[in-house]
Amino acid sequence: MVNNMARLSLTGITKRYPGTIANQDIDLAVKEGEIHALLGENGAGKSTLMKIIYGVVKPDAGTFLWEGEQIKVSGPAHARGLGIGMVFQHFSLFETLTVAENIALSLPKEDGKDLEALSARIKEVSEHYNMGLDPQRYVHSLSVGEQQRVEIVRCLLQDIKLLILDEPTSVLTPQEVKGLFKTLKQLASEGCAILFISHKLDEVTEICEAATILRHGKVSGDCKPQEVSSADIARMMVGDDTPLNEDYAKAEGTTAVVTIKDLNFRSDDPFASPIHHLDLEIKAGEILGIAGVAGNGQDELMSLLSGEETSNANTITMLGQDIGLWNPAQRREIGLAFVPEERLGRGAVPDMSLQQNALLSSSHCGMTKKGFIDFGKVKEYAQNVIDKYKVKCADQFAQAKSLSGGNLQKFIIGREIEQNPKFLVCSHPTWGVDIGAAILIRHALIELRDQGAAILVVSEDIDELYQISDRICAICQGELSPIQKTQDVNIETLGQWMAGSFDKSTIEKSAGESAYVKA
Amino acid sequence: MDIDLITNILYATVRTGTPLILVALGEMVCEKSGVLNLGQEGMLLMGAVVGFMAAVTTGSLFAAVLLAIAAGMLMSLLFGFLSITMVSNQVATGLALTIFGAGLSAFLGSSFVGVGIDGIEPFAIPFLSDIPVIGKIFFQQDPLVYLSFILFGVVFWVFKSSRIGLKLRAVGENPEAANAMGINVHATRYMAVLFGGAMTGLAGGYLSLAYTPLWSEGMSAGRGWIALALVVFASWKAERIMLGAYLFGAASIMHLVMQGTGHDVAPNLLAMLPYVATIVVLVLLSTNHAKSKLNAPMSLGTPYRPQV
């Protein structure tokens, strides 16, 4: 085999879906021992391309060369047989099975049979690559970073030649990202080709030797990330007409709108994270950002604030009223607005039209009269949201589920902001939204803040939190780190907070259970 | 109460619990793979009527049991085709299957009502049956009861330490992920559904060939539904299904015992016991959401549509 021959080489890959072309005429070559980045915004066609390589989706046209031979991948099992491993963004793990059982499932029968021998191998491999893993633990008891390691080790146990990682860093703390990069570099030096999908340019510049950039389903450029500027790459990703970034002036909050005192919560869901002695104050005219790795109590905190879960009456006070026991509708009436993480299902009813969805959360804003709906007003309100937030949809009678994720998010955020809330709770405001729409959403949040609203943003996107929050903190295992002005917290500190190492004594609260400190 | 009476009650309890065990074990396997088959009652009746008809016409009890199993499997194949291949709603399809089975079995069996056969006879296992009390309760039963012990062992082992069990759980937990791992989700679900059908067919055969060797319309008397409740009651664990089935079995023969011992309690009230027990257990279970969630297959009742 010639040494510089591409391990994987795709030419002219095309995949059409009804109404859209996900991939059009894509060429991609990944060499042995190379970390190759695949860049692009959401909807650029990265996921489809990866699924084609992994055999989950079959292309309509194009050639697939594997180590110089033309083949057709019949399915994931075939791909794995060739030595292709994939770590999905949403892990394909089974929460109620142990690490070893999870891995056994993906291995050929002979290898997966003896769980004890397998456990020993898992230990060995995970130690070789600096990823400590206990094979006996149940997956639901692992952190997201550890779950990702399970996925990676699973791929490594087979004779791996190409490892595909779909946005692997989006769920990790900065420290965990460093560990992952170390592992990847080691793998590449041993000859494994790595396809690294991301939209974070700094990471790509750090570890990738080559990059292919996709835009609207086509290759918009190839480059060596170390040799070109991030701005150039970003330009290839977003096209020529979108502004790349914006800076916002920081503001200082005035009086407290919402006060949370000693909030404790334990859900009866065994996979949920309990909340311990949480104290928090959100002031008028500020954006407070909460960073954290998913599953550390954010969802629980969000539901306690929105009113989907209740707490003791006086643990949450809004505008002088104890609202801990109030239901969501009561809370909305005094000026709370809420953007949940889950868009379809909680943020919007999938089968209902945009107009009806607008009415659902905004009915207290003068849209009903004596129990009757004023359809004129609803129409006006929905249309206003659609126009102002540039929601791409057929019309306001389009079903919520017919919109793309980013467009629906624009609609939901717009719907909430247009209620002129006094307190906006916002979960992952721009997750999965392209750069143009993200800027629009951030702009709207800043504008709302400047009008004097208190805003709480929970996000896993640290860059975004730094950009828009005035004060910042992190949540880990249901406990809140100290809260400080954003400009006073550097990214290392925030990373440590996200991993749970913050001094409990400085935040004046009795530590509930033993704190989780990362070794 | 003397020891003989207690032994007799327990003996009857095992007999009464057996069809529940068979149906519930089958349904558990089915549900573990993510398929909720509410058609148990209909499948049970089909198993019973086909088994009985076969026994009358062929005279072979062995063939009758096999045909009862085949009838259950055929019914479950129909269910599988609709709910797995055609991706229909599992609840609606299951309910339809129950109604269909009840009607079809009544139609097929109409000329067999009142016909008598020699049912499956108890068979005392040498040595074991001589153990005092226990021997009588567990080892002087008919072969189908012994088969239920074996099947329990098989199901228990499959989920405890076999690869197939792991695959089943994976498919019921997260079919997308299982597919990504190269497990054929539809094939696995078909297997589970067919196994459930075979078990229910066997249970039907047990009813009409061993338990009460006769056919009467609707003779399953809600056992399919009790078994469905039993699976939840047992939180998808085979050993708890055994325990629960005998508990339910005991509850349902209580009225006979009470009358036998001369207590004057309305029999209808007592016949209600297993159903009341089911409701009570379901309520108790739902208050402990945390525990039941750990065992419940995550994608239960959700059809899987493969990507193209």
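Source: prediction; values computed, not measured. (Residues numbered from 1 in each chain as written. Chains lettered and ligands numbered in written order. Predicted model: local features only at pLDDT ≥ 70, side-chain atom pairs only at ≥ 80, totals over all residues. Heavy atoms only, no water.)

### Comments concerning the overall build of chain A
Thinking step 1. Counting secondary structure elements, chain A contains 17 helices and 23 strands.
Thinking step 2. In terms of its C-alpha atoms, chain A occupies a principal-axis envelope of roughly 75 × 50 × 40 Å.
Thinking step 3. Expressed as a percentage of the 519 residues in chain A, the buried residues total 55%.
Thinking step 4. Long-range pairs, those at least 24 residues apart, make up 67% of the contacts in chain A with a sequence separation of at least 6.
Thinking step 5. On chain A, the mean spot of the 51 positive side-chain charges and the mean spot of the 71 negative ones are 4 Å from each other. (Helix = DSSP H or I, 4+ residues; strand = E, 2+ residues; numbered from the N terminus. Buried < 20%, exposed > 50% of the residue type's maximum accessible area, 1.4 Å probe, protein only. Contact = heavy atoms within 4.5 Å. Lys, Arg positive; Asp, Glu negative; His and termini not counted. Charge placed at Lys NZ, Arg CZ, Asp CG, Glu CD.)

### Observations concerning the overall build of chain B
Thinking step 1. Summing up its helical and strand segments, chain B has 14 helices and zero strands in all.
Thinking step 2. Written out in order from the N terminus, the α and β elements of chain B read α-α-α-α-α-α-α-α-α-α-α-α-α-α.
Thinking step 3. On C-alpha atoms alone, chain B measures out to a radius of gyration of 19 Å, which is about the 19 Å that the 2.2 N^0.38 rule sets for 308 residues.
Thinking step 4. In terms of overall dimensions, chain B has a C-alpha envelope of 65 × 45 × 40 Å along the principal axes.
Thinking step 5. Out of the 308 residues belonging to chain B, those deemed buried represent 53%.
Thinking step 6. At a minimum sequence separation of 6, the contacts of chain B that also span at least 24 residues come to 76%.
Thinking step 7. Carbon and sulfur atoms form 72% of the exposed surface of chain B, whose accessible area is close to 13200 Å². (Rg over C-alpha atoms; globule rule 2.2 N^0.38 Å. Areas by Shrake-Rupley, 256 points an atom, 1.4 Å probe, with all protein chains shown as cover.)

### A word on the interface of chain A and chain B
It is common to give the size of an interface as the accessible area that goes away when the parts come together.
Thinking step 1. Residue-level contacts link 31 residues of chain A with 21 residues of chain B.
Thinking step 2. Buried surface at the junction of chain A and chain B, summed over both partners, amounts to about 2100 Å²; 62% is from carbon and sulfur atoms.
Thinking step 3. Three residues stand out in chain A for area buried against chain B, namely Phe94, Thr96 and Leu105 of chain A, and they jointly supply 28% of the buried area on that side.
Thinking step 4. Arginine 169 of chain B serves as the salt-bridge partner of glutamate 101 of chain A, at 3.9 Å between the closest nitrogen and oxygen.
Thinking step 5. Where chain A meets chain B, there are three residue pairs in polar contact (both at pLDDT 80 or more).
Thinking step 6. Among the secondary structure elements, those contributing two or more residues to the side of chain A that touches chain B are strand 1 (6-17), helix 2 (76-82), helix 3 (99-106) and helix 4 (109-113) of chain A. (Buried area = accessible area lost by both parts, 1.4 Å probe. Salt bridge = Lys/Arg side-chain N within 4 Å of Asp/Glu carboxyl O. Polar contact = N/O pair within 3.5 Å; in protein donor to acceptor, adjacent residues only side chain to side chain.)

### Considering the sheet that holds strand 11 (residues 256-265) of chain A
Residues and elements named next belong to chain A.
Thinking step 1. Strand order in the open sheet formed by four strands is 12-11-14-15, with antiparallel pairing between adjacent strands. Pairing within the sheet leaves two strands with one partner each, and these edge strands are strand 12 (275-283) and strand 15 (321-322).
Thinking step 2. Strand contacts of helix 10 (residues 298-306): strand 11, strand 12 and strand 14 (316-318), with the helix running at about 125° to strand 11, the strand carrying the most contacts. (Pairing = 2+ DSSP bridges. Axes fitted to C-alpha atoms, helices over the stretch in contact; angles between N-to-C directions.)

### Some points on the packing of helix 6 (residues 143-161) of chain B against helix 9 (residues 185-211) of chain B
In a pair of packed helices, the angle between the axes and the distance between the axes together describe the arrangement.
Residue and element names in this part refer to chain B.
Thinking step 1. The N-to-C vectors of helix 6 and helix 9 enclose an angle of 160°; their axes lie 11 Å apart at closest approach. Taken together, the axis directions place helix 6 and helix 9 in an arrangement best described as roughly antiparallel. For the element pair helix 6 and helix 9, the recorded crossing hand is left-handed. Across the interface between the two elements, Leu144, Val145, Leu147, Leu151 and Val155 from helix 6 touch Phe195, Met199, Leu202 and Tyr206 from helix 9.
Thinking step 2. Residues that form the contact of helix 6 with helix 9 fall into these classes: nine nonpolar, no polar and no charged. (Parallel < 35°, antiparallel > 145°, perpendicular 65-115°, else oblique. Left-handed = near helix turned anticlockwise from the far one by under 90°. Nonpolar A, V, L, I, M, F, W, Y, C, P; charged D, E, K, R; others polar.)

### A look at the sheet that holds strand 2 (residues 20-31) of chain A
Residue and element names in this part refer to chain A.
Thinking step 1. Judged by pairing direction, the sheet is antiparallel, and its four strands sit side by side in the order 2-1-4-5 without closing on themselves. This sheet does not close on itself; its edge strands, each paired only once, are strand 2 and strand 5 (69-70).
Thinking step 2. Packed onto the sheet, helix 1 (residues 46-53) meets strand 1, strand 2 and strand 4 (61-66) and runs at close to 120° relative to strand 1.

### Examining unusual backbone geometry
Thinking step 1. Residue leucine 319 of chain A is not a glycine yet carries a positive backbone phi of 50°.
Thinking step 2. Of note, leucine 319 of chain A is situated in the loop between strand 14 and strand 15.
Thinking step 3. Classification of leucine 319 of chain A as partly exposed rests on a relative accessible area of 40%.
Thinking step 4. Phi at serine 235 of chain B is positive, roughly 40°, even though this residue is not glycine.
Thinking step 5. When you line up the elements, serine 235 of chain B lands in the loop between helix 10 (223-233) and helix 11 (238-260).
Thinking step 6. By relative accessible area, which is 5% here, serine 235 of chain B ends up buried.

### Examining the packing of aromatic side chains
All names here are of chain B.
Thinking step 1. On inspection of all chains with the given rule, the structure shows eight aromatic pairs over all chains.
Thinking step 2. Aromatic side chains tyrosine 146 and phenylalanine 149 sit 6.3 Å apart centroid to centroid with 55° between the ring planes, which places their arrangement in the tilted category. With tyrosine 146 and phenylalanine 149 both in helix 6 and three residues apart, this pair spans about one turn of that helix.
Thinking step 3. On the basis of relative accessible area, tyrosine 146 is assigned to the buried category, the value being 11%.
Thinking step 4. Taken together, the ring pairs connect Phe138, Phe139, Tyr146 and Phe149 into an aromatic cluster. (Phe/Tyr/Trp six-rings, centres within 6.5 Å; stacked < 30°, edge-to-face > 60°.)

### Some thoughts on a nonpolar patch on the surface
All names here are of chain B.
Thinking step 1. Judged by side-chain polarity, Ile3, Leu128, Ile131, Val133 and Ile134 come together as a nonpolar surface patch covering roughly 400 Å² of accessible area.
Thinking step 2. Tracing the chain through its elements places isoleucine 131 in the loop between helix 4 (90-109) and helix 5 (134-139).
Thinking step 3. When its relative accessible area of 36% is taken as the criterion, isoleucine 131 is described as partly exposed. (Patch = residues over 30% accessible without salt bridge, like charges linked within 9 Å, V, L, I, M, F, W, Y side chains within 5 Å.)

### Re helix 3 of chain A
An α-helix turns once per 3.6 residues; consequently, residues spaced three or four apart project the same way.
Thinking step 1. Across the eight residues of helix 3 of chain A, eight count as buried, placing the element largely inside the fold.
Thinking step 2. Taken as a whole, helix 3 of chain A has its buried residues at Val99, Ala100, Glu101, Asn102, Ile103, Ala104, Leu105 and Ser106 of chain A.
Thinking step 3. Tucked inside the fold, the buried residues of helix 3 of chain A contact helix 2, helix 4, helix 5 (115-128) and helix 6 (144-156) of chain A together with helix 7 (163-173) of chain B.

### Regarding the confidence of the model for chain A
Residue and element names in this part refer to chain A.
Thinking step 1. Of all residues in chain A, 93% attain a pLDDT of 70 or more, and the chain-wide mean is 85.
Thinking step 2. Put simply, helix 4 is where chain A has its lowest mean pLDDT, 74, and strand 20 (residues 454-458) is where it has its highest, 95.
Thinking step 3. Counted against residues more than four places away or in other chains, residues 505-519, with its pLDDT under 50, gives 25 contacts. (pLDDT = per-residue confidence, 0-100.)

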